[in-house]
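In case you want the letters, here they are:
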Amino acid sequence: MEEPFNPFPIYGYFGPAYFCNREHEKDNLITALRNGRNVTLYAPRRIGKTGLIHHVFHHLGKKWNCVYLDVQEAFSFKDFTNALLAAVLNAVSKNNSIVKKFQDWIFTLRPVMSANPHSGSLQLEIDFASEAQQRTTVKDALRLLDSFGPGVIALDEFQQISAWDTDSVSIEGWLRSEVQHLKNLRFIFSGSQFHLLSEMFNSAKRPFYASTQSAAIGKISASDYTTFIQQHFKNSRLKIGTEEINQILTWADGNTYNIQLLCNRVFSKTKKETSRAIIDESILEIYAENKLSYLALSTSMSKYQWRVLAAIAQEGKVYQTTSKDFITRHDLGSSASVLRALEFLTSRELVYQYLDEAGKSYYEIYDIILMRWLQNK
Ligand SMILES: Nc1ncnc2c1ncn2[C@@H]1O[C@H](COP(=O)(O)OP(=O)(O)OP(=O)(O)O)[C@@H](O)[C@H]1O
Ligand SMILES: [Mg+2]
């Protein structure tokens, strides 16, 4: 596995040495897959779903054909079909004994093939005559892959299928029945849009109802991340104190991406030992880089909506958005207007509703960097 330039990468998966914890989550997923159970993986954005999927692939071992597909990049069922075939081809190309069989089959479909200039992975495009032909092709591909032995297909950001023009519930129904016919292939359906994904898998009216095991991942524990960060600094003969690590974890609000982002900066600036000043400087750099997009965001909504967003940011967590206290403290007028603004902010995924450990729901700004920026304005 290739080494990252900095021990805190902010894109991609570079192997267990650069991956913090997730032992329990990894074992849980692997046990499910090995025992023939498909999984739905939920988590808010940038907590580490995609990373965990690659971590699981890494630990499943060579016997498994592991296929990863980001459904968010497929804007239609046709895109999805092409991307799935390419993803399977890329996965089986690591296995000499089966790649030929898959290639022979795929060439009968006359694909136009190319290599992605960034990743070097194969892309392909088939000119399907109809949706029925696409369905048959996906079915054949899945059954062929199934015949090669144990495999897993991760459909990341799976909720995206509901944005296609095609009747997505009919696609769900069809896919569900295909999935049921496979003996060796397991599926991970993952996504961050909890309400859409949960509706697909937990509503009795939907085809995938009760067909998967649910797994949710949350923040990595502060003590595990502290050990991880300290170890990576030590490996490079650098020092970082627990107080400085606390400053990082608190600023990042435990969000994996934000922790990695800040650690990446701080690490690159540290000569011998990290200081509070280095962390502050890194944070200011991050704000400066995001400032333009946040200003653009502020002009994309009404002044009132922006004020509600800023009020939530000031509070950090808000349990009761319509409480008198919250409304008067921020001079927000009527509770009905707050509710309307909140609906807008939630639909834009700027504000997210979380559950605390006691099961009580609260609102928080989704993008923690935006939240910190608003708090510091
Ligand atoms: N356990 C971990 N240890 C270290 N870095 C991690 C870990 N999990 C994820 N990361 C890193 O954090 C960043 C965000 O993770 P990832 O992309 O997996 O999140 P995600 O939940 O899939 O996000 P999105 O909702 O944007 O798809 C990535 O740079 C990834 O490399
Ligand atoms: Mg992801």
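Residues numbered from 1 in each chain as written. Chains lettered and ligands numbered in written order. Predicted model: local features only at pLDDT ≥ 70, side-chain atom pairs only at ≥ 80, totals over all residues. Heavy atoms only, no water.

Trainee: Could you give an account of the overall build of the protein chain, with specific residues and numbers?
Mentor: Looking only at helices and strands, one finds 15 helices and nine strands in the protein chain. For 377 residues, the compact-globule formula gives about 21 Å, and the C-alpha radius of gyration of the protein chain, at 23 Å, lands near that figure. Principal-axis analysis of the C-alpha atoms places the extent of the protein chain at approximately 65 × 55 × 40 Å. For the protein chain, the residues scored as buried account for 51% of the 377 residues in total. If you take every contact in the protein chain between residues at least 6 apart in sequence, the share linking residues at least 24 apart comes to 69%. Taking the average place of the 42 positive charges on the side chains of the protein chain and the average place of its 39 negative ones, the gap between the two points comes to 2 Å. (Helix = DSSP H or I, 4+ residues; strand = E, 2+ residues; numbered from the N terminus. Rg over C-alpha atoms; globule rule 2.2 N^0.38 Å. Buried < 20%, exposed > 50% of the residue type's maximum accessible area, 1.4 Å probe, protein only. Contact = heavy atoms within 4.5 Å. Lys, Arg positive; Asp, Glu negative; His and termini not counted. Charge placed at Lys NZ, Arg CZ, Asp CG, Glu CD.)

Trainee: Just give me the short version of the side chain of Arg-186, but keep the residues and values in it.
Mentor: Positionally, Arg-186 belongs in strand β6 (residues 185-191). Here Arg-186 is buried and forms no salt bridge, its nearest opposite-charge partner Asp-146 lying at an N-O distance of 6.2 Å. At a separation of 3.2 Å, a polar atom in the side chain of Arg-186 contacts the main-chain carbonyl oxygen of Lys-183. Non-local contacts of Arg-186, meaning those with residues more than four positions away in its chain, are made with Leu-33, Gly-36, Arg-37, Asn-38, Trp-64, Gly-151, Val-152 and Ile-153. (Salt bridge = Lys/Arg side-chain N within 4 Å of Asp/Glu carboxyl O. Polar contact = N/O pair within 3.5 Å; in protein donor to acceptor, adjacent residues only side chain to side chain.)

Trainee: Outline the pattern of salt bridges, listing residues and values.
Mentor: One pass over the structure, following the stated rule, counts 16 salt bridges. For Glu-285, the salt bridge is made with Lys-269, and the minimal N-O distance between the two is 2.4 Å. In this pair, Glu-285 sits in helix α11 (residues 276-299) while Lys-269 sits in helix α10 (residues 256-269), placing the two residues 16 residues apart along the sequence. By relative accessible area, which is 21% here, Lys-269 ends up partly exposed. Several salt bridges share partner residues, and in doing so they unite Arg-265, Lys-269, Glu-281, Glu-285 and Glu-289 into one network.

Trainee: Go over the sheet that holds strand β1 (residues 39-42) with me, naming the residues and quoting the values.
Mentor: By definition, the strands of a sheet pair up through backbone hydrogen bonds, in either a parallel or an antiparallel sense. As summarised here, the arrangement of the five strands in space is β2-β5-β6-β1-β7, forming an open sheet in which the pairing is parallel. A strand with exactly one partner marks an edge of an open sheet, and here the two such strands are β2 (65-70) and β7 (213-216). Direction aside, neighbouring strands of the sheet carry axes that sit 20 degrees apart on average. Pairing between β1 and β6: four bridges, direction parallel. Its bridge partner lying in β6, Thr-40 is registered against Phe-189. With respect to the sheet, helix α5 (residues 131-147) is in contact with β2, β5 (151-156) and β6, its orientation differing from that of β6 by roughly 125 degrees. (Pairing = 2+ DSSP bridges. Axes fitted to C-alpha atoms, helices over the stretch in contact; angles between N-to-C directions.)

Trainee: With reference to specific residues and values, describe the site of ligand 1.
Mentor: Taken together, 21 residues are adjacent to ligand 1, and Ile-10, Arg-45, Lys-49, Thr-50 and Gly-51 come closest. A distance of 2.7 Å separates an oxygen atom of ligand 1 from a polar backbone atom of Ile-10. The contact in question runs from an oxygen atom of ligand 1 to an N or O atom on the side chain of Glu-157, over 3.5 Å. The fraction of the free accessible surface of ligand 1 (620 Å²) that becomes covered by protein chains is 90%. Classifying every residue of the shell around ligand 1 by side-chain character gives 10 nonpolar, six polar and five charged. (Near = heavy atom within 4 Å. Areas by Shrake-Rupley, 256 points an atom, 1.4 Å probe, with all protein chains shown as cover. Nonpolar A, V, L, I, M, F, W, Y, C, P; charged D, E, K, R; others polar.)

Trainee: Describe a nonpolar patch on the surface, naming the residues involved and giving the relevant values.
Mentor: Together, Phe-107, Met-113 and Leu-122 line one region of the surface with nonpolar side chains, adding up to about 240 Å² of accessible area. Inspection of the secondary structure assignment puts Phe-107 in helix α4 (residues 96-107). The exposure class of Phe-107 is partly exposed, given its relative accessible area of 45%. (Patch = residues over 30% accessible without salt bridge, like charges linked within 9 Å, V, L, I, M, F, W, Y side chains within 5 Å.)

Trainee: Tell me about the domain arrangement of the protein chain, and name the residues and values.
Mentor: Along its sequence, the protein chain is carved into domain 1 (22-216) and domain 2 (301-377). Once you take the C-alpha centre of each, domain 1 and domain 2 turn out to be 36 Å apart. Each side of the interface is counted separately: domain 1 has five residues, and domain 2 has four residues. Around 360 Å² of area is buried between domain 1 and domain 2 when both sides are counted, 53% of it from carbon and sulfur atoms. Where domain 1 touches domain 2, the interface holds zero salt bridges. Summed over the shared surface of domain 1 and domain 2, the result is two residue pairs in polar contact (both at pLDDT 80 or more). Looking at the side of domain 1 that touches domain 2 residue by residue, the classes come out as two nonpolar, two polar and one charged. (Domains from an automatic or database assignment. Buried area = accessible area lost by both parts, 1.4 Å probe.)

Trainee: Got a sec to walk through the pairing of β1? Specific residues and values, please.
Mentor: Judged by which residues are buried, β1 turns out to be covered on both faces: Val-39 and Leu-41 on one side and Thr-40 and Tyr-42 on the other are all buried. Examined bridge by bridge, β1 and β7 share four bridges and lie parallel to one another. Bridged to Tyr-42 within β7 is Ala-216.

Trainee: Residues and numbers for the packing of aromatic side chains, please.
Mentor: Enumeration according to the criterion identifies 24 aromatic pairs in this entry. Taken together, a centroid distance of 5.2 Å and an interplanar angle of 35 degrees make the contact between Phe-201 and Phe-208 tilted. Residues Trp-251 and Tyr-287 carry aromatic rings whose centres are separated by 6.4 Å and whose planes lie at 55 degrees to one another, so their mutual orientation is tilted. Here Tyr-287 lies in helix α11 and Trp-251 lies in helix α9 (residues 242-251), a separation of 36 residues in the sequence. By relative accessible area, Tyr-287 is classed as buried at 9%. (Phe/Tyr/Trp six-rings, centres within 6.5 Å; stacked < 30°, edge-to-face > 60°.)

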